[in-house]
Amino acid sequence: MNDVDKKLELIECNTLSGESALAIRYNRYLYRLISLYNCSAQIDRWFTNYENCNPYSIFAMFGIANGAYLDKMLEYYDNAIFLIYEPLKEIYDKIESKYKDNKNVYVTCEKKEIYYLFISFFSTSSYKYVKWIVLPNYENLWKTDILDVYRQYAYILNGVVMDARTKAFYDSTAGNDYFVTLNDVINKYSVMELEENIKNNINNDSVSVVVAAGPSLQKNIEKLKFVKNHALIIAVDTALKPLYNNGIKPDIVVSIDNRKPSSFFETPDFIDMPFVLETQGNPDLIKKHKGKRFYAASGENFTKILMDLTGKDGIGVLQTGGSVGNSAFYLAVACGFKKIIMVGHDLAMTNGKIHAEGIHENKEDNIASENGTYTDVDGYYGGKVRTRGDYYAYLRWFELQIECHPELEVINATEGGANIRGARNESLEKAIEEWCLKLPNINYNSIINKVDKLCTEDDKEIIQEYLESLPEKMKKYMKKLKEGINEYNNLKKLKDEGKEGTEEFKISFAKIKELNSWLSKIKENSLLDMYEADFQNSLDISIYDFQDDADEEWNSVINLGINSFKLYIKRIDDFLKCYNYFEQR
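Conventions adopted
- Residues numbered from 1 in each chain as written.
- Predicted model: local features only at pLDDT ≥ 70, side-chain atom pairs only at ≥ 80, totals over all residues.
- Heavy atoms only, no water.
- Helix = DSSP H or I, 4+ residues; strand = E, 2+ residues; numbered from the N terminus.
- Contact = heavy atoms within 4.5 Å.
- Areas by Shrake-Rupley, 256 points an atom, 1.4 Å probe, with all protein chains shown as cover.
- Salt bridge = Lys/Arg side-chain N within 4 Å of Asp/Glu carboxyl O.
- Buried < 20%, exposed > 50% of the residue type's maximum accessible area, 1.4 Å probe, protein only.
- Pairing = 2+ DSSP bridges.
- Axes fitted to C-alpha atoms, helices over the stretch in contact; angles between N-to-C directions.
- Phe/Tyr/Trp six-rings, centres within 6.5 Å; stacked < 30°, edge-to-face > 60°.
- Lys NZ or Arg CZ within 6 Å of the ring centre and 35° of its normal.
- pLDDT = per-residue confidence, 0-100.

**Some words on the overall build of the chain**
Okay, step 1: Counting its secondary structure elements, the chain contains 21 helices and 18 strands.
Okay, step 2: Counting contacts in the chain only where the partners sit at least 6 residues apart, residues at least 24 apart contribute 68% of the total.
Okay, step 3: Accessible area of the chain: about 27,200 Å², with a carbon and sulfur share of 46%.

Spelled out as structure tokens, the structure:
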């Protein structure tokens, strides 16, 4: 039940100007969701706050009222996405059908569904254009609900931003890595098919054990021997050495960091284990690994474009809160498991350590720095424990996942570290006895091995033909972008000569508008985004502050356009160098 559902009265009426309006009577007060006097004038004033947003923005809106605010936004932003949570079901029932055929508008009155919408649309390529909006007077009626939804919005968005910054900081060659991996992706298997295969072979009592590499893993790692064939063991790559040292072989290994040294997880038996990777995979791992590799899209949409060419739905994604442990947990959920046991998820600096013993060759590398920035969180056994900012973000992601999946039963059998709200704290021994030992043996290796390869030979030919067409296509794009820079300079020249309002000025402005529209629609944008020439420059281009002075405003717009086009030219140039290099190989 929402904050005030039991206490309010929805009032439908007409404004003095004859327009439809809504109000809420609550505790003897009348809260107008839209003006009762001049609806259009009020909405026009409200819209001035949003009239200069990116045309491809994603608007996360709390409230829809009678739809008038949304209709105003749609007049100007027909290419934007609107994700709307309406807390009052009575309003939702009246308005939902009006927008059900609009592919850019998603309206829900379920918090779980708005969470999934945020996950679906917030990505490393779209986060720059996300806007949060609360409609007038909703903040006075649904404060708790606004905080709940905003918390979901903020955590998901922050996770995406963290992921984007991490990729930019550690990985300036994402496009190169993608091409290293692409041939392997086409010739191997998809996470989507893996999830479907497992889902079709389990039931509501089936269990997945998700193993991370926190310091407390040492406490109970040997107990995992009793899990084999009773539950699906999903391990993060960093946990492989401790697992091997204790004679335990996981069913699936998740590895999403394409810069992690393979020495972290190389064991004598890792070579044939099933690995789940992302499309910007770890080249070092791919060279050495001989087993099955299942791929998920890594925040890019280009693989989806390639799959569309062959009539496939895609390869799947691994939602993440920033860590491989988050991704491993999400994989268990996506595979259909309703019961999950978490092991080794300290999410804190237990005993001043970062990982379990046996991972770092130099033991000093496993000691948490005394100079780091830390915060205290609730501990597994009560009291407080020390954690880092990134670990805290991972912790909150787990808690939000559990909260938004009420069908899940989660046991935190880490036996140390941070408390994970929503999970039941229990020893691994007791969790295994309660959930796993009662289950019949199931051969998960057999299920995994039955997954079909992603592409047929015909599919590969179609993809290869498209890829071979890219260099010529990109050269044409570059030529057009250079023409665009010249046109921006021409517009500036006309402005400096005082020719605003002339036919010549209008033609130049129309050309630039057409070029920007073309640029936003080319499907290879998702490929070029991987060649982020300068992350901060890209960020600056996407965040535009409007100027008070008209001349400064024009100069800012023109410089922004020129820099944006130059950034795209640099990306194309990087792509062509990369393509030529791999073609020669």
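Here the narrative resumes, following the displayed structure.
**Some points on the pattern of salt bridges**
Pairing is possible between side chains that carry opposite charge, provided their charged atoms lie close to one another.
Okay, step 1: Counted according to the given criterion, the structure contains 32 salt bridges.
Okay, step 2: Between Lys473 and Glu524 there is a salt bridge whose closest N-O contact spans 3.5 Å. In this pair, Lys473 sits in helix H17 (residues 457-496) while Glu524 sits in the loop between helix H18 (503-521) and helix H19 (525-528), placing the two residues 51 residues apart along the sequence.
Okay, step 3: What makes Lys473 partly exposed here is its relative accessible area of 25%.
Okay, step 4: Across the salt bridge formed by Lys493 and Glu497, the nearest N and O atoms sit 2.9 Å from each other.
Okay, step 5: Glu497 gets classed as partly exposed once you look at its relative accessible area, which sits at 39%.
Okay, step 6: Within the structure, one salt-bridge network assembled from shared partners comprises Lys111, Asp145, Asp148, Arg151 and Glu403.

**So, helix H12 (residues 302-309)**
Okay, step 1: Along H12, the residues that are buried comprise Phe302, Thr303, Ile305, Leu306 and Met307.
Okay, step 2: Taken from the residues just after H12, Gly311 is the one with a positive phi, measuring 80 degrees.

**Considering the sheet that holds strand S6 (residues 105-108)**
Okay, step 1: Spatially, S6-S5-S4-S7 is the arrangement adopted by the four strands of the open sheet, whose pairing is parallel. With partners counted over all chains shown, the strands left at the sheet margins are S6 and strand S7 (130-134), one partner each. Taking each pair of neighbouring strands and ignoring which way they run, the sheet shows an average axis angle of 15 degrees.
Okay, step 2: Where strand S4 (residues 58-62) meets strand S5 (residues 81-85), five bridges bridge the pair, whose relative direction is parallel. Note that in S5 the partner of Phe62 across the bridge is Tyr85.

**Things to note about the pairing of strand S16 (residues 384-388)**
Okay, step 1: Here strand S15 (residues 374-378) pairs with S16 via five bridges, running antiparallel. Of the residues in S16, the one forming a bridge with Asp378 is Lys384.
Okay, step 2: Joining the antiparallel neighbours S15 and S16 is a turn of five residues, in which Gly382 adopts a positive phi near 95 degrees.

**Some details on the packing of aromatic side chains**
Okay, step 1: Here the structure, examined in full by the defined rule, presents 27 aromatic pairs.
Okay, step 2: Between Phe270 and Phe275 the ring centres are 6.0 Å apart and the planes differ by 80 degrees, which places this aromatic pair in the edge-to-face class.
Okay, step 3: Grouped by ring-pair contacts, the aromatic residues Phe47, Phe59, Tyr76, Tyr77 and Phe82 constitute a single cluster.
Okay, step 4: Here the basic side chain of Lys72 rests over the ring of Phe47, its NZ or CZ set 5.8 Å away from the ring centre.
Okay, step 5: The side chain of Arg571 reaches across the aromatic face of Tyr568, ending 5.0 Å from its centre.

**Quick word on the confidence of the model for the chain**
Okay, step 1: When pLDDT is averaged across the chain, the result is 85; 89% of the residues are at 70 or more.
Okay, step 2: Predicted confidence for residues 533-548 stays below pLDDT 50, and this span has 32 contacts to residues more than four positions away or in other chains.

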